[in-house]
Amino acid sequence: MREITEHDLADIARGAAILGTGGGGDPYIGRLLAASAVRSDGPVPLVPLAELDDDAVVLPVAMMGAPTVMVEKLPSAEQVGLAARTLAGYLGKELTHIACAEAGGVNSLIPVVAAAQLGLPLVDADGMGRAFPELQMVLPTLYGIRATPMSIADEKGNRGVLDTVDNHWAERLARSATIDMGCSAMISNYAMSGAQAREALVPGTLSLCAELGALVRAARSEHADPVDRVVSRLGGRRLFSGKVVDVARRTVTGFARGEARLSGMDGDSGAELVLRFQNEHLVAERDGVVEASVPDLICTLERESGEAVTTEGLRYGQRVTVIAAPADPRWHTPEGIALAGPRYFGYDIDPIGVAG
Amino acid sequence: MRIGIDVGGTNTDAVLLDGRQVLASVKTSTTADVTSGIVAAIDGLQRQRAFDPAAVRAVMIGTTHFINALVEAHRLAPTAAVRLSLPAGASLPPMVDWPQRLVDAVSGRSYLVHGGHEFDGRHIAELDESELRKAADDMGEAGVRSVAITSVFSPVNAEFETRAAEIIGAQLPDVAISLSHEIGRIGLLERENATVINAALRELAAHIVDGLAASVTGAGITAPLYLSQNDGTLMDVDFARRYPVATFASGPTNSMRGAAVLSGLDTCAVVDVGGTTSDVGVLRQGFPREATTDVSVAGIRTNFRMPDVLSIGLGGGSRVRGNVTVGPDSVGYELTSKALVFGGDTLTATDIAVAAGRADIGDASLVAHLDRSLVRAALDKIAADVSDVVERMRTSAEPLPVVAVGGGSVLLPEELAGCGEVHRPENYAVANAIGAAIAQIGGEVDRVYVIEPGRRESVVDEAKQEAVDRAVAAGASPASVGIVDFDEVPIPYLPGNATRIRVKAVGDLQLGV
């Protein structure tokens, strides 16, 4: 895939929602926003990470906030490009590329909108290889790349630029601003050179999203099990199949936090799985025992169709299969685990990886 | 005794039931005015099995009228979508993902107005009443007859939708107004879509519902009249008038529930061959398989729970042409004047069934001249198309038994390639009407609760119990009642961890009622 056309968007959104591990935004909204941008501004060139010049100026863009809010309060027409334009103006640099901060139904597609609006190519990569709830939780943090200067923009036209002492402070201050902006804001941060991007980003994420989306679509038309295809492509494993019997969800401290309870079906009948999430799924506990945790991916898929179900889309009675898949190996280094492992989120356990 | 009636695009079927025992069943043609078809159906029941109209305890009607109006894009009112969201929301305006022909069919106009709430109850912007009045002027000039109002986070706070309705209603007293917080849940685009569809159907709903009520009273029946909803429960007539969108998927739900009762199979594909379409759904362990989140109705996405159904334009009224196509167009309710067996001049699938000896409808001598190879080819084509759809609905490698229902199911062979034996239970032709008659009784709770720390579980249990109690009070048999839907929306601007909880419980109607 050397450019993203309207035709590619459904697969990308479907696949991105899988890697979004419950977060990253509603793929339907992401797809519609990107379709509208590509229709008015034309296809977006997609550049492999390895092809970036050392002195390229790469700017990731994303939506920050609670996914439960993003499905209600949609962006204004100008908002997406506004964050990137603001940061570029502050930096005084000519941008050469847009990138994705994370993989997710909205956050893999918002950069397509920004790239189309600004007439720039998009890098086939992202900062995590999945979605995480907090701004400092990107691989570039592990490489000492600063989140700030960063920009933040809301639909009312408010804009801010933050310059912070470290990436945790960037999260903290940007989160406060996001909450005041109504829990949904457009951001641009981690401005980096091409050389930094090649080292710190996860290559091929958009291609992987498109591939996953196409796998699910093809499996359905062949009556094969789409969940099996996803598990095997990601090298993951099935954790549980069940019916959603309860979802408790609140928008607090700028996140959608909560838990979902699943009552087992098929081979899992009689068992219960609890998913705890902060925008993204953090841990999956089967009958009280943690079976998978961050930094690995915990994804909820519709049991029959293989479509990802976001945490804000979980609802009573849905039949889902929960799978786990390995994160980029850099997340399993001590620094990676300190940044986004279970203890950071308040679970006093070592990470439970896909291997068990 | 109960009467179940299914009003399809082609046929109107009726059954007289005592408990689950079918006392009488008739199949008549749907009439252009709908009501005379119902009168004929009730007369037919009376002739088959004389009954005292006063002994009828309830009449349940399932109709595909509203969804057909949308699918066929006609008889929809000129509609305006008003969204209270600015400065947010302009990136994806109302009806953004609608098929253009449906936007045209509702003469869809959209208005984005300042207003809407933040997640925590603050205002995104103050409601701009002068903007609204200007929009209302424009709607008046454009001949808008129905308005759908959607405000951001209205399930959390509906004040702006209510106020906007007052302003528009004062200026345009004759338009029908539909408010999104009464129709859908969190998820702006889906809720707005459902509200716009509802608005577009309001005029038709008023017309149809009046007709239904008149024809039932005309037959001397004084029992309450219900319409069946998407989730297989019943709603009263006044509710149907205001929320026609809630009847959307009732046709497939009724046919699947009817098929489950008639066949005794709890895991199967149900093929309902009507006059205009064949609808294929899947029962798993007795429940219709639900549509996935990205499935839409007539190309429009909503977030209703509805069964996963695939439809093709193939039914008893389908036109058969030359060499050899069947459908997708149908003569619909004009079957009894246009089909060859009724002396008409149009070759339909019904004529093929009669010529092949599979059905005894009309005058068989009028199709005796049909070329045998044409008849054979048309039947093969029908079998191939239907097994293709069943095949597409199958999600596992295991073969799925097929239950055929609906009047048009005589068109199907005894066995479908790749699917195996076709079960055709007794009374298969009127499965929809039976499904309507055995529709379930629901009990709903929709209220704001204060949840103290650590008390969530008991509050949730309390809300669920109340929904169950309400279902039982409405006539559901206690042993059969279960929770089918549960939705929780935190309301952060109220003190004490306030949460809007919506629960729906449903159960079978107590037998003998």
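Residues numbered from 1 in each chain as written. Chains lettered and ligands numbered in written order. Predicted model: local features only at pLDDT ≥ 70, side-chain atom pairs only at ≥ 80, totals over all residues.

Caption draft 1: Geometry of the overall build of chain B. The helix and strand tally for chain B stands at 13 helices and 22 strands. Dimensions of chain B, computed from the C-alpha atoms along their principal axes, are close to 75 × 50 × 50 Å. Looking at chain B as a whole, 53% of its 513 residues are labelled buried. Long-range contacts, defined here as pairs at least 24 residues apart, represent 68% of the contacts in chain B between residues at least 6 apart. (Helix = DSSP H or I, 4+ residues; strand = E, 2+ residues; numbered from the N terminus. Buried ≥ 20, exposed ≤ 12 C-beta atoms within 10 Å, placed from the backbone. Contact = placed C-beta atoms within 7 Å.)

Caption draft 2: The overall build of chain A, seen in detail. In terms of helices and strands, chain A carries 11 helices and 17 strands. Against the compact-globule benchmark of 21 Å for 356 residues, chain A has a radius of gyration of 19 Å, which places it among compact chains. Each of the three principal axes of chain A carries a C-alpha extent, and together these read 60 × 45 × 35 Å. In chain A, which comprises 356 residues, the proportion classed as buried is 62%. Partitioning the contacts of chain A with sequence separation of at least 6, the portion at a separation of at least 24 is 75%. (Rg over C-alpha atoms; globule rule 2.2 N^0.38 Å.)

Caption draft 3: Structural context of helix α8 (residues 250–263) of chain B. All names here are of chain B. The first and last C-alpha atoms of α8 sit 20 Å apart over 14 residues, in line with the 20 Å expected at 1.5 Å per residue. Burial runs high along α8: 13 of the 14 residues are buried. Taken from the residues just after α8, Gly264 is the one with a positive phi, measuring 75°. (Expected span 1.5 Å × (residues − 1).)

Caption draft 4: Seen up close, the sheet that holds strand β1 (residues 2–7) of chain B. Residue and element names in this part refer to chain B. Judged by pairing direction, the sheet is mixed, and its 6 strands sit side by side in the order β3-β2-β1-β4-β9-β10 without closing on themselves. The sheet is open, and its two borders are formed by β3 (21–29) and β10 (234–236), each paired with just one other strand. Put simply, the sheet's adjacent strands are angled 25° from each other on average, direction ignored. Packed on one face of the sheet, helix α1 (residues 35–48) meets β1, β2 (11–18) and β3 and runs near 140° to β3. (Pairing = 2+ DSSP bridges. Axes fitted to C-alpha atoms, helices over the stretch in contact; angles between N-to-C directions.)

Caption draft 5: Spotlight on the interface of chain A and chain B. Between chain A and chain B, the residue contacts involve 28 residues of the former and 31 residues of the latter. For the side of chain A that touches chain B, the secondary-structure elements that each account for two or more residues are α2 (27–41) and β11 (237–252) of chain A. Looking at the side of chain A that touches chain B residue by residue, the class counts come to 11 nonpolar, 7 polar and 10 charged. (Nonpolar A, V, L, I, M, F, W, Y, C, P; charged D, E, K, R; others polar.)

Caption draft 6: Fine view of the domain arrangement of chain A. All names here are of chain A. Split by domain assignment, chain A resolves into domain 1 (3–205) and domain 2 (224–340). Between the C-alpha centres of domain 1 and domain 2 there is a distance of 24 Å. Across the contact, 31 residues belong to domain 1 and 29 residues belong to domain 2. Elements that contribute at least two residues to the side of domain 1 that touches domain 2 include exactly α1 (9–19), α3 (67–70), α6 (139–142) and α7 (167–180). Sorting elements by how many residues they give to the side of domain 1 that touches domain 2 places α1 first, with 4 residues. For the side of domain 1 that touches domain 2, a count of residues per class yields 16 nonpolar, 11 polar and 4 charged. (Domains from an automatic or database assignment.)

Caption draft 7: Just the sheet that holds strand β20 (residues 441–450) of chain B, in detail. Residues and elements named next belong to chain B. With respect to topology, 3 strands assemble into an open sheet ordered β20-β22-β21, the strand pairing being antiparallel. The open sheet has two edge strands with one neighbour each: β20 and β21 (482–490). Neighbouring strand axes in the sheet, compared pairwise and without regard to direction, differ in orientation by 10° on average. Across 8 bridges, the pairing between β21 and strand β22 (residues 498–507) is antiparallel.

Caption draft 8: Representation of the pairing of strand β4 (residues 97–100) of chain A in the model. Residue and element names in this part refer to chain A. Burial of β4 is two-sided: the residues His97 and Ala99 facing one way and the residues Ile98 and Cys100 facing the other way are all buried. The pairing of β4 with strand β5 (residues 122–126) spans 2 bridges and is parallel. From the neighbouring strand, Ile98 faces β5, where its bridge partner is Leu122.

Caption draft 9: Molecular detail of the pairing of β1(B). Residues and elements named next belong to chain B. Burial of β1 is extensive: 6 of the 6 residues sit out of reach of the surface. Across the two faces of β1 the burial is the same, with Arg2, Gly4 and Asp6 and Ile3, Ile5 and Val7 all buried. Relative to strand β4 (residues 58–63), β1 runs parallel, the two being bridged by 6 bridges. Across the sheet, residue Val7 finds its bridge partner in β4, namely Thr63. The pairing of β1 with β2 spans 6 bridges and is classified as antiparallel. Pairing of Ile3 across the sheet is with Leu16, part of β2. Connecting the antiparallel pair β1 and β2 is a turn made up of 3 residues.

Caption draft 10: Inspection of the domain arrangement of chain B at higher detail. Residues and elements named next belong to chain B. Examined at the domain level, chain B breaks down into domain 1 (2–69 + 207–264), domain 2 (79–197), domain 3 (278–430) and domain 4 (441–507). For domain 2 and domain 3, the distance between their C-alpha centres works out to 40 Å. Its residues assigned to classes, the side of domain 2 that touches domain 3 comprises 6 nonpolar, 3 polar and 3 charged.

Caption draft 11: Examining unusual backbone geometry more closely. Residue and element names in this part refer to chain A. Going from Thr148 to Pro149, the amide bond is cis rather than trans, its omega being 5°. One can find Pro149 in the loop between α6 and β6 (150–153). Of note in this structure, Thr253 is not a glycine but carries a positive phi near 45°. In this structure, Thr253 sits in the loop between β11 and β12 (255–264). Not every positive phi belongs to a glycine, and Asn279 is a case in point at roughly 60°. Within the secondary structure, Asn279 is located in the loop between β13 (272–278) and β14 (280–286).

Caption draft 12: Geometry of the nonpolar core. Formed by 286 residues in total, the largest nonpolar core has its most connected members in A:Val112 and B:Val82. Excluding residues within four positions of it along the chain, B:Val82 makes contact with B:Tyr111, B:Val113, B:Ala135, B:Val147, B:Ala148, B:Ile149 and B:Ala164. (Core = buried A, V, L, I, M, F, W, Y, C linked by C-beta atoms within 7 Å.)

Caption draft 13: Examining the confidence of the model for chain B more closely. Residues and elements named next belong to chain B. On average, residues of chain B carry a pLDDT of 88, and 98% of them reach 70 or more. The least confident element of chain B, judged by mean pLDDT, is strand β13 (residues 287–288) at 76; the most confident is strand β7 (residues 146–151) at 98. Overall fold confidence (pTM) sits at 0.88, and the ipTM for the predicted complex is 0.92. (pLDDT = per-residue confidence, 0-100.)

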